[in-house]
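Secondary and tertiary structure notes
As a plain string of letters, each chain reads:
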Amino acid sequence: MADGENADDGADDSGPHVRSLLGVYVLGALTPGEGRRVADHLAECDGCGAAYGEVADTPSLLGLLDEDDLR
């Protein structure tokens, strides 16, 4: 681990953090139990909450694309 790197930075969900699940969460594709776990964690964790804020608008932005935008 590099100096200044935090082993518990929430980059994955192997510990209590849920950042690796946020994309699936905002798309509504988690199981109900996973969704509750993520929502509960976001209510308590400022770091993961900030990461969620960065991706929360993704579904709306994807909705603005049409087929030509994807070519």
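As shown above, the structure is provided for reference.
Residues numbered from 1 in each chain as written. Predicted model: local features only at pLDDT ≥ 70, side-chain atom pairs only at ≥ 80, totals over all residues. Heavy atoms only, no water.

1. Some remarks on the overall build of the protein
Helices and strands together make up the secondary structure of the protein, namely 4 helices and 0 strands. Reading the helices (α) and strands (β) of the protein from amino to carboxyl end gives α-α-α-α. In the protein, 41% of the contacts between residues at least 6 apart in sequence involve partners at least 24 apart. By element, 50% of the accessible surface of the protein is carried by carbon and sulfur atoms, the whole surface being about 5,100 Å². (Helix = DSSP H or I, 4+ residues; strand = E, 2+ residues; numbered from the N terminus. Contact = heavy atoms within 4.5 Å. Areas by Shrake-Rupley, 256 points an atom, 1.4 Å probe, with all protein chains shown as cover.)

2. What about the environment of glycine 35?
Following the sequence through the fold, glycine 35 ends up in helix H2 (residues 32-44). Of the residues examined, glycine 35 reaches a relative accessible area of 17% and is grouped as buried. Along the primary structure glycine 35 and leucine 22 are separated by 13 residues, whereas in three dimensions their C-alpha atoms are 9.6 Å apart. The residues contacting glycine 35, other than those within four sequence positions of it, are Tyr25 and Leu30. (Buried < 20%, exposed > 50% of the residue type's maximum accessible area, 1.4 Å probe, protein only.)

3. Points about the side chain of histidine 17
Tracing the backbone through its elements, the reader meets histidine 17 in the segment before helix H1 (22-26). Side-chain polar atoms of histidine 17 contact the side chain of histidine 41, separated by 3.3 Å. (Polar contact = N/O pair within 3.5 Å; in protein donor to acceptor, adjacent residues only side chain to side chain.)

4. Concerning the packing of aromatic side chains
Remark: the centre distance and the inter-plane angle together describe each pair of aromatic rings, the angle taken between the planes. Scanning the model with the defined rule gives 1 aromatic pair in all. Between tyrosine 25 and tyrosine 52 the ring centres are 5.7 Å apart and the planes differ by 65°, which places this aromatic pair in the edge-to-face class. Of this pair, tyrosine 25 sits in helix H1 while tyrosine 52 sits in helix H3 (residues 46-55); the two residues are 27 residues apart in sequence, bridging distant segments of the chain. A relative accessible area of 30% means that tyrosine 52 is categorised as partly exposed. (Phe/Tyr/Trp six-rings, centres within 6.5 Å; stacked < 30°, edge-to-face > 60°.)

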